[in-house]
Amino acid sequence: MALLSDLINLDLSDSTHKIIAEYIWIGGSGMDLRSKARTLSGPVDDPKKLPKWNYDGSSTGQAPGEDSEVILYPQAIFKDPFRRGNHILVMCDAYTPAGEPIPTNKRCAAAKIFSSPEVEKEVPWYGIEQEYTLLKKDVNWPLGWPQGGFPGPQGPYYCGIGADKAFGRDIVDSHYKACLYAGINISGINGEVMPGQWEFQVGPSVGISAGDELWVARYILERITEIAGVVVSFDPKPIPGDWNGAGAHTNYSTKTMREEGGYEVIKKAIEKMGLRHKEHIAAYGEGNERRLTGRHETADINTFLWGVANRGASIRVGRDTEKEGKGYFEDRRPASNMDPYVVTSMIAETTILWNKS
């Protein structure tokens, strides 16, 4: 008699050419991920060859009950690390039946910015540092923390090892490998300052692909924590008090920034970012005011400042960039629950398209 694990891991390639495509989209909160699967007649490697699909938007807070159909447009394909074989994960965005992007579809506007000739010419690179916190499912308290109590103060946990310092590494490593398998350009992981908090980095990715890859990396993480019976939180300040919050630092460069003389281009771009500080903060994640306090490696939410190697700044420039006269900068303001489509396109818009005059 086959066990449940045998059936989950069943290799379909011996008996059929059909594959399973898991369609993924962003729900009504702007942060909840949804997905459902369909059977396709054979392998597909181009999202343009995939059929559109629909779902009940009234059940996700994205449409009224009397007109609930929302249409999914496939946009990016990744290998499925859960079903493996030729099965795929499909990142989609959502539209009305008339073809208009629904309000929670932030990808469509981002794609327009990234497809403008001025932005395409600059080949914008992004590296996003996604922090998150692992919580015990039934008590909503960080993994590894005493029940209803607190661990020792921060210090030994950042990049720490050992059963009393690192909590959930099996989940973190599973996620790392699953993302590599999927074809996501995940570039690293590390334990963070607060115990139970971790980080993974996606990039360098060009343009709209940064958003696609980060959203699918988040999806894979949620699926793995589902299997492990653990909850993943993207709250920017999951525990009040003297504990680090969770951000999504966004590293950015353009072609001219990466070339000789690029440091002057970087400084002009940072000046423009400062002039639009309030607009960026408004788009950089809910609850970010609880994190950007001027403490715990942040700048105060109402203050814009930048500096070389300054982790208490809004924007940090690395020592290597200053020394070499070219490179990238790091926007440290985005919260862990930010929408990468919004953040990446806004940075490109401000630094390339926006005219301060």
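What you are looking at is a predicted structure, and each value in this text was computed from that prediction instead of being measured. (Residues numbered from 1 in each chain as written. Predicted model: local features only at pLDDT ≥ 70, side-chain atom pairs only at ≥ 80, totals over all residues. Heavy atoms only, no water.)

Caption draft 1: Examining the domain arrangement of the chain more closely. Structurally, the chain comprises domain 1 (17–104) and domain 2 (117–353). On the side of domain 2, 19 residues touch domain 1, which itself brings 17 residues to the contact. With both sides pooled, the region where domain 1 packs onto domain 2 buries about 1,600 Å², and carbon together with sulfur makes up 77% of that total. Looking at the side of domain 1 facing domain 2, the largest losses of area belong to Met31, Phe78 and Phe82, adding up to 39% of the total buried there. Linking domain 1 to domain 2 there are 0 salt bridges. Here domain 1 and domain 2 share 2 residue pairs in polar contact (both at pLDDT 80 or more) between them. Among the secondary structure elements, those contributing two or more residues to the side of domain 1 that touches domain 2 are strand S1 (19–26), strand S2 (33–40), strand S4 (69–79) and strand S5 (88–95). Along the lines of polarity and charge, the residues of the side of domain 1 that touches domain 2 split into 10 nonpolar, 3 polar and 4 charged. (Domains from an automatic or database assignment. Contact = heavy atoms within 4.5 Å. Buried area = accessible area lost by both parts, 1.4 Å probe. Salt bridge = Lys/Arg side-chain N within 4 Å of Asp/Glu carboxyl O. Polar contact = N/O pair within 3.5 Å; in protein donor to acceptor, adjacent residues only side chain to side chain. Helix = DSSP H or I, 4+ residues; strand = E, 2+ residues; numbered from the N terminus. Nonpolar A, V, L, I, M, F, W, Y, C, P; charged D, E, K, R; others polar.)

Caption draft 2: Summary view of the pairing of strand S3 (residues 53–56). Burial of S3 is one-sided: the residues Trp53 and Tyr55 facing one way are buried, the residues Asn54 and Asp56 facing the other way are not. Note: S3 against S4, 4 bridges, orientation antiparallel. Along S4, the bridge assignment pairs Asp56 with Glu69. (Buried < 20%, exposed > 50% of the residue type's maximum accessible area, 1.4 Å probe, protein only. Pairing = 2+ DSSP bridges.)

Caption draft 3: Here's a closer look at helix H5 (residues 209–228). For H5, spanning 20 residues, the distance from its first C-alpha to its last is 28 Å, which sits close to the expected 28 Å at 1.5 Å a residue. Burial runs high along H5: 14 of the 20 residues are buried. With its phi angle positive at about 75°, Gly229 sits one or two positions after the end of H5. (Expected span 1.5 Å × (residues − 1).)

Caption draft 4: Structural context of the packing of helix H7 (residues 262–275) against helix H10 (residues 340–353). Running from amino to carboxyl end, H7 crosses H10 at an angle of 115°, the nearest separation of the two axes being 9 Å. Two packed elements cross with a definite hand, and for H7 against H10 that hand is right-handed. Across the interface between the two elements, Ala269, Lys272 and Met273 from H7 touch Ile347, Thr350, Thr351 and Ile352 from H10. Looking at the contact of H7 with H10, its residues break down into 4 nonpolar, 2 polar and 1 charged. (Axes fitted to C-alpha atoms, helices over the stretch in contact; angles between N-to-C directions. Left-handed = near helix turned anticlockwise from the far one by under 90°.)

Caption draft 5: The packing of aromatic side chains, seen in detail. In this structure the tally under the stated criterion is 12 aromatic pairs. When the centroid spacing of 5.9 Å and the interplanar angle of 85° are considered together, the rings of Phe114 and Tyr126 count as edge-to-face. Taken together, the residues Phe114 in helix H2 (residues 107–114) and Tyr126 in strand S6 (residues 125–136) connect sequence positions 12 residues apart. By the burial criterion, Phe114 is buried, and Tyr126 matches it. Counting every residue linked through ring pairs, the aromatic cluster contains Phe114, Tyr126, Tyr252 and Phe329. One Lys or Arg, Lys36, reaches over the ring of Trp53 and ends 4.2 Å from the middle of that ring. Across the ring face of Phe82, the terminal group of Arg223 is positioned such that the distance to the ring centre comes to 4.1 Å. (Phe/Tyr/Trp six-rings, centres within 6.5 Å; stacked < 30°, edge-to-face > 60°. Lys NZ or Arg CZ within 6 Å of the ring centre and 35° of its normal.)

Caption draft 6: Geometry of the side chain of Thr104. Its location among the elements puts Thr104 in the loop between S5 and H2. A polar side-chain atom of Thr104 sits 2.8 Å from a polar atom in the side chain of Gln62. When sequence neighbours within four positions are dropped, the list of residues in contact with Thr104 reads Gly27, Gly28 and Gln62.

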